[in-house]
Amino acid sequence: MPVAQKRPEFRNINALRDLPSYRLPAPGWVSILHRVSGVLMFVLMPFIIWMFDTSVSSELSFARFRAAFNVGVGIVPGWFIKLVALALIWSFLHHFIAGLRHLWMDVSHTATNKQFGGTSAKVTLTLALVLTVVLGAKLFGLY
């Protein structure tokens, strides 16, 4: 009579106990942040439309647009509008770079392996962060 093999053990994950100690690899972070950045751009679409409309309508509306970033609009201070714009800058850059990474992996199936996935994910995270810092410095008037 054959010996019964041990069945795989599946355990429930406790979000408060198990998730803080779980190490997600870089490709996992890129995948999650790709989704987060897409949702963020979708949610901020009214802000994007407002920025575009006020910046191109007339010289007066462009002056209002610049003033919104300097002094604010109503009860919303200018620094908060800059932070929202910075979040939008990051979400666009990350989504764009991660999208290019996914397109490259789709086009070149033979070049895609675990090592390339990890390296390209780290490049994606670093490049999006560095470009966000550079454009954020410009947004906040550091240069």
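First things first, this report covers the structure right here in the doc.

### Overview of the overall build of the protein
Here is step 1: Helix and strand content of the protein: 5 helices and 0 strands.
Here is step 2: Going from N to C terminus, the protein has its helices and strands arranged as α-α-α-α-α.
Here is step 3: Against the globule reference of 15 Å for 143 residues, the protein gives a C-alpha radius of gyration of 22 Å, more extended than a compact globule.
Here is step 4: Taken over the C-alpha atoms alone, the protein extends approximately 90 × 40 × 25 Å along its principal axes.
Here is step 5: Long-range contacts, defined here as pairs at least 24 residues apart, represent 63% of the contacts in the protein between residues at least 6 apart.
Here is step 6: For the protein, the accessible area works out to roughly 10,900 Å², and carbon and sulfur atoms hold 70% of it.
Here is step 7: Averaged over its 13 positive side-chain charges, the protein has a centre that lies 9 Å from the centre of its 5 negative ones.

### Points about helix α2 (residues 45–56)
Here is step 1: Its 12 residues place the ends of α2 17 Å apart at the C-alpha level, agreeing with the 16 Å of an ideal helix rising 1.5 Å per residue.
Here is step 2: Taken together, the buried positions of α2 are occupied by Phe47, Met51 and Thr54. Within α2, the buried residues cover an arc of 80° as seen down the axis, which keeps them to one side. For α2, the exposed residues lying more than 90 degrees away from the buried face are Pro46, Ile49, Phe52 and Val56.

### Focus: the nonpolar core
Here is step 1: Residues Met41, Leu44, Phe47, Met51, Phe65, Ala68, Phe69, Ile81, Val84, Ala85 and Leu88 constitute the largest nonpolar core, which totals 11 residues.
Here is step 2: Listing elements by their share of this core, those giving two or more residues are α2, α3 (59–70) and α4 (78–107).
Here is step 3: Per-element tally for this core: the top contributor is α4, with 4 residues.
Here is step 4: Once residues within four sequence positions are removed from consideration, Phe65 is found in contact with Trp50, Met51, Thr54 and Ser55.

### With respect to the packing of helix α1 (residues 26–43) against α2
Here is step 1: The geometry of α1 relative to α2 is characterised by a closest axis approach of 4 Å and an angle of 55° between their N-to-C directions. In this view, α1 runs oblique relative to α2, as classed from their interaxial angle. Here Met41, Phe42 and Val43 of α1 lie close against α2, whose contacting residues are Met45, Pro46 and Ile48.
Here is step 2: In the contact of α1 with α2, the residues fall into 6 nonpolar, no polar and no charged.

Calculation rules
Within any chain, residue numbers begin from 1 and follow the written order of that chain's sequence. Where totals are concerned, whole chains, interfaces and linings use all residues; where local detail is concerned, this predicted model gives features only for residues with pLDDT of at least 70, and gives and counts side-chain atom pairs only at 80 or more. Excluded from the side-chain calculation are hydrogens and water; included are all heavy atoms of the structure. For helices the rule is a DSSP run of H or I covering at least 4 residues; for strands it is a run of E covering at least 2, with both sets numbered from the N terminus onward. The globule rule is 2.2 Å times the number of residues to the power 0.38, and the radius of gyration it is compared with is taken over C-alpha atoms. The contact criterion used throughout is that any non-hydrogen atoms of two residues lie within 4.5 Å. For the accessible areas, the method is Shrake-Rupley and the probe is 1.4 Å, while residue cover comes only from the protein chains on display. For the purpose of counting charges, residues Lys and Arg are taken to be positive, whereas Asp and Glu are taken to be negative. His and the chain ends are not included. Throughout, a charge is located at the NZ atom of Lys, the CZ atom of Arg, the CG atom of Asp or the CD atom of Glu. Multiply 1.5 Å by the residue count of a helix minus one, and that product is the helix's expected span. Each residue gets one of three labels from its accessible area relative to the maximum for its type: buried under 20%, exposed over 50%, partly exposed in between, using a 1.4 Å probe on protein chains only. As used here, the arc is the angular range of directions from the helix axis to the C-beta atoms. The term nonpolar core refers to a set of buried residues drawn from Ala, Val, Leu, Ile, Met, Phe, Trp, Tyr and Cys, joined through side-chain atoms within 4.5 Å. Orientation is described by axes fitted as lines to C-alpha atoms, over the contacting stretch for helices, and by angles from 0 to 180 degrees between their N-to-C directions. Here roughly perpendicular refers to angles of 65 to 115 degrees, roughly parallel to angles under 35, roughly antiparallel to angles over 145, and oblique to all remaining angles. Gly is put with the polar residues, along with every residue not named as nonpolar or charged; the nonpolar set is Ala, Val, Leu, Ile, Met, Phe, Trp, Tyr, Cys and Pro, and the charged set is Asp, Glu, Lys and Arg.

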